[in-house]
Amino acid sequence: MSSLSKELVFLILQFLEEEKFKGTVHRLEQESGVFFNMKYFEEKVQAGEWDEVEKYLSGFTKVDDNRYSMKTFFEIRKQKYLEALDRQDKAKAVEILVNDLKVFSTFNEELIKEITQLLTLGNFRENEQLSKYGDIRTARSIMLIELKKLIEANPLFREKLVFPNLKSSRLRTLINQSLNWQHQLCKNPRPNPDIKTLFVDHTCSPSNGPLAPTTVNLPVAAVAKPATYTSLGMHGPTAASANANALAGWMANASVSSSVQASVVTPSSLPMSQNQVSILKRPTPAPATGMVDYQNNDHEQLMKRLRPAQSIDEVSYPSHRQQPSWSLDDLPRTVAFTIPQGSTVTSMDFHPSHYTLLLVGCVNGEITLWEIGMRERLVTKPFKIWDITACSLPFQAAIGKDGSISVSRVAWSPDGNFIGVAFTKHLIHVYAYTGPSDLRQHLEIDAHVGSVNDLAFAYPNKQLSVVTCGEDKLIKVWDLSGRKLYTFEGHDAPVYSICPHHKESIQFIFSTAIDGKIKAWLYDNVGSRVDYDAPGQGCTTMLYSADGSRLFSCGTSKNGDSFLVEWNESEGAIKRNYSGFRKKSAGVVQFDTTQNHFLAAGEDNQIKFWDMDTTNFLTSTDAEGGLSSLPRLRFNKEGNLLAVTTADSGVKILATSVGLRSLRVIEAPFEMLRTPIEASAIKVSGTSAVTNVSPVHSKVERSSPVRPAAINNGIDPTVRGTEKQRALEDVTDSIKSSQLSEIVDPVQCRLVTMPDSMDNSSKVARLLYTNSGVGILALGANGIQRLWKWSRNEQNPSGKATANVVPQHWQPSSGLLMTNDVSGVNLEEAVPCIALSKNDSYVMSAAGGKVSLFNMMTFKVMTMFMPPPPTSTFLAFHPQDNNIIAVGKEDSTIHIYNVRVDEVKSKLKGHQKRITGLAFSTNLNILISSGADAQLCLWSIDTWEKRKSLTMQMPSGRSPAGDTQVQFHSDQIRLLVVHETQLAIYDASKMDLIRQWVPQDGLSAPISYATYSCNSQLVYAAFVNGNIGVFEADSLSLRCRIAPSAYLSQPSLNESQGLYPVVVAAHPQEPNQLAVGLTNGSVKVIEPLESEGKWGENAPIDNGLSNGRTSSSSATRNHTSDQVQR
């Protein structure tokens, strides 16, 4: 589908949505495949409408398209199967098993056997790995999280997940504009014309029915495809000349000379209807009342559009396209790994939609299919003659004399269903690709006398065909039954390469010979249309950019000089000549294009890159050394992976940061489908299959959103409590100062103290960054809130919070303070609490009295509610409705309060002590609460029922008393739980402990506060002795220690031994910026030095306690995690 056709589908989708044709909207989304409506998909999954889920999904991918698709369908069908078992509907479960899940037995037969065994159980929860399967709604919600990740990572869904930003009723607007233009072109325009139909062009003549005179559609057909075009299958001069015109200068009346000469189509060569001519000649009538008069400055522009153009290609409708910004980071230059091929690689090609599937051809005649995401050799096919009796006698004689044969070219068909292989003696092989490890012999052709130098797929007459060229100076076209369709003869030297292409419906082929001649052919028997010389007159390859709009060639002359150029198609002339080749080459330089923006060529043991719009080369890489002297190279379709050949018969895979992440997503083999819930990257409670039966060792993907379930401190959680306590005491890794990054001096970091912040009478009780990242809000123990803002200026062009600039202590012109109700309150016993709305427009807080809602611009109190008793101790906005607030109370209850109607909707009871923390997870649809006795409760957001309750495991001899804080990771599944005795990470879907860290050695003091960084990659923890620890979030490994001497002045250190951070806040966009609120009321922002960029460049110390499995960092998420209570 062309880009304009896709845009038209989007316009129709918008129209249908506006007209409330809901069913039709989703049917068109599915059938067109241009936009995947994630919201609709989520609704159907949550409703359990599995047939519609798969039907909708099938419009975009099939089960066996790639590993992402396979995992997606597997998870859906597994969930459907488990739900049938849960309903005790064994007949339905058997039907699902046979019809839906059996397809996966090809990839993991053992897995299907294990799933089948669930039928023998009275309750599938009797299986150990499924014992914690919750209710259906929760299971679906958890599965959805992973389905979304799989879909977002699936290359087939790229650019299909975001609907274009269109003005409302865009299709109607375009129709109205067209009608206005038609009306302007009327011979006798009437004021306020009555438009009654869209089926024919509008005219104001007396006859306004179907027989009315035809006028011009706009854009005007003066440049439309002429009516004399004939089908491509027609032979003869008429068809040839008409089609030749379609290729402008390259194809029209080309001289047989060798010079690169422009051949321009003149306006007179364009057919034009009589009414178009009359429009150009007659004067413009006076415009009717109410219509725009185009007899002005815009008149000339309109007339230019009506004039014939120099190209007779079908008109392209101009549309504004925002030019993307490019950087060197968009080039794959980081070496991901090397795959050992074992024989010199002669050709490579990536699958057109499975972007990690690489086809490799070798000098020994062997072809190999690699899944580079897994570094797995899927299938290898050594050279073999399939039917010697069908081969020509010259080939039989040649192979009998010398049995060696090499691959000259491998190529995927555009649909990815076939593989073509050209050999250096006579033959081509075509394989049918039917699955990850399945290449089936489809066609063997004795195609050329001598070497077959190149092979490509094309669609002449809308029929998939194979185009070949060879040492016999011929180009041939074959259908997939082996029948020869065309033979193109005209080169005087062996044909080196071919480049089939099309412009709208016009199909053609460029060919180059070893003597540097370039010819162009239509699919007819008339002969070549052009005869030009390539730069250097040597072996040359031609390629189009991915969008087919720009043509390039690269080659090397007999003298070893290399040339990379862009061609002007409309003139057949060189448009750009790229520089950067340093030395004479002993062979032919190879090149490739990517992202419609970059060129790359292999020369001098390195890869060189160019911007298509700049003749000087951008950069180069030697890929850490070891490349062949003239490396062959190939980009995947996304342009985030680049395969290059090495001197030791291997292939290096270079990647961008995006490419590296895509490799990690599929790094674990398909056996991961049978991995237990605790170890699966696809983290779905109750939806994982039966596991731990097969001897195959399961892997955890690097990008797994949830680490394996923890066995606390290396001890299995099923052992007795005394053994757990002993393990807590025994398992302590010492911190080696030589390995730890220590920040002990102010010169080792950047620091700024908020002006007017010190107040020894009131410590900072809570601290928040504004969600926009431009300010900091502190709530003191006295109930007064203070706000600091950074301004946008030359020193701080972003206007964001930074340690480089001192902010302003901000107050409205009225001089008001945001002061909470503290009447009758004992401030020493009060528990201040605060929450900020997502748009930073208002803040809610309390300090032992009523809860106050403040306007952040005026500091005025908008309303007050919930007078004590009981007092409010924690506040949290509902993530989907700012009018609903969860309020933790001193009496251990939680009130769900609707501000708009001033009503408590629910009271949650289950804690024993006051509430000290609340955190919502939209992905899991739950609320987690924590109490002053280390008790955690899990509540359903839908019903507000308590699902689970547990108490944190305490180190030996330590009391659970004390504030417990909770905060969700950005994945909304992992949960950070903070107590003065420990940092702990839980899997909130089951409330299983994943990892735990207890204060030790240099950081042995009690923890006062801790929080995730904005991207959830770090944990910042403050201690009551003034130290601040920076931990790796996944492993709780200590990365850096910030000593109090780094951020406190010497007088402050001398005067008070009790000065320490009470609370820590993380910047919402800068992961390495934190703010601390101290016991003396001061607030400080701390950042690493700009030269370092992040905390603790040294290797972190792994002193987190886990089940002993390897921990891996999760994928960085650069969006702001939900603000938590400070």
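Please read all numbers here as calculations on a predicted model, not as lab measurements.

(A) Quick look at the sheet that holds strand 38 (residues 851–855). Judged by pairing direction, the sheet is antiparallel, and its 4 strands sit side by side in the order 36-37-38-39 without closing on themselves. Two strands in the sheet have a free side with no partner beyond their single neighbour: strand 36 (833–836) and strand 39 (861–865). Taken pair by pair, the neighbouring strands of this sheet meet at an average axis angle of 15°, ignoring direction. Where strand 36 and strand 37 (residues 842–846) come together, 4 bridges link them in antiparallel fashion.

(B) Highlighting unusual backbone geometry. Omega for the bond connecting Pro 868 with Pro 869 falls within 30 degrees of zero, at -5°, which places this linkage in the cis form. Relative to the helices and strands, Pro 869 resides in the loop between strand 39 and strand 40 (872–878). Phi at Gln 595 takes a positive value of approximately 55°, unusual for a residue other than glycine. Look at Glu 624: it is not a glycine, yet its phi comes out positive at around 65°. Counting through the fold element by element, Glu 624 comes out in the loop between strand 25 (617–621) and strand 26 (633–635).

(C) Quick peek at the environment of Leu 28. Along the chain, Leu 28 turns up in helix 2 (residues 22–32). When the C-alpha atoms of Leu 28 and Val 9 are compared, they prove to be 8.2 Å apart, with 19 residues separating the residues in sequence. The contact partners of Leu 28, leaving out residues within four places of it in the chain, are Val 9, Ile 12, Leu 13, Leu 16 and Gly 33.

(D) Structural view of a negative patch on the surface. A surface patch of negative charge is lined by Glu 828, Glu 829, Glu 890 and Asp 891. Summarising the element assignment, Asp 891 is placed in the loop between strand 41 (881–889) and strand 42 (894–898). Look at Asp 891 and you get partly exposed, because its relative accessible area is 39%.

(E) Seen up close, the sheet that holds strand 26. Spatially, 4 strands are ordered 1-28-27-26 in an open sheet, and the strand pairing comes out antiparallel. Pairing within the sheet leaves two strands with one partner each, and these edge strands are strand 1 (334–340) and strand 26. Neighbour-to-neighbour, the strand axes of the sheet open up by a mean angle of 20°, direction not taken into account. With 6 bridges joining them, strand 1 and strand 28 (residues 650–655) adopt antiparallel strand pairing. Across the sheet, Thr 334 pairs through a bridge with Ala 655, a residue of strand 28.

(F) Summary view of the confidence of the model for the protein. Averaged over all residues, the pLDDT of the protein is 79; the fraction at 70 or higher stands at 79%. Contacts of residues 667–738 to residues separated by more than four positions or lying in other chains number 207 contacts, the stretch itself having pLDDT below 50. Segment residues 1107–1126: pLDDT under 50, and 71 contacts once partners within four positions in sequence are set aside and those in other chains are kept.

(G) Representation of the packing of aromatic side chains within the structure. Inspection of the entire model under this criterion finds 26 aromatic pairs. Relative to Phe 163, the ring of Phe 10 has its centre 5.2 Å away and its plane inclined at 90°; by these criteria the two rings are edge-to-face. Here Phe 10 is found in helix 1 (residues 3–18), whereas its partner Phe 163 is found in the loop between helix 8 (136–153) and helix 9 (170–184), with 153 residues between them in sequence. The buried category is assigned to Phe 10, whose relative accessible area is 11%. A relative accessible area of 28% places Phe 163 in the partly exposed class. Among the aromatic residues, those joined into a ring-pair cluster are Phe 36, Tyr 40, Phe 41, Tyr 56, Phe 60 and Phe 157. In this structure, Lys 608 packs its charged tip against the face of Phe 617, placed 5.8 Å from the ring centre.

Cut-off values and rules
Residues numbered from 1 in each chain as written. Predicted model: local features only at pLDDT ≥ 70, side-chain atom pairs only at ≥ 80, totals over all residues. Heavy atoms only, no water. Pairing = 2+ DSSP bridges. Helix = DSSP H or I, 4+ residues; strand = E, 2+ residues; numbered from the N terminus. Axes fitted to C-alpha atoms, helices over the stretch in contact; angles between N-to-C directions. Contact = heavy atoms within 4.5 Å. Patch = residues over 30% accessible without salt bridge, like charges linked within 9 Å, V, L, I, M, F, W, Y side chains within 5 Å. Areas by Shrake-Rupley, 256 points an atom, 1.4 Å probe, with all protein chains shown as cover. Salt bridge = Lys/Arg side-chain N within 4 Å of Asp/Glu carboxyl O. Lys, Arg positive; Asp, Glu negative; His and termini not counted. Charge placed at Lys NZ, Arg CZ, Asp CG, Glu CD. Buried < 20%, exposed > 50% of the residue type's maximum accessible area, 1.4 Å probe, protein only. pLDDT = per-residue confidence, 0-100. Phe/Tyr/Trp six-rings, centres within 6.5 Å; stacked < 30°, edge-to-face > 60°. Lys NZ or Arg CZ within 6 Å of the ring centre and 35° of its normal.

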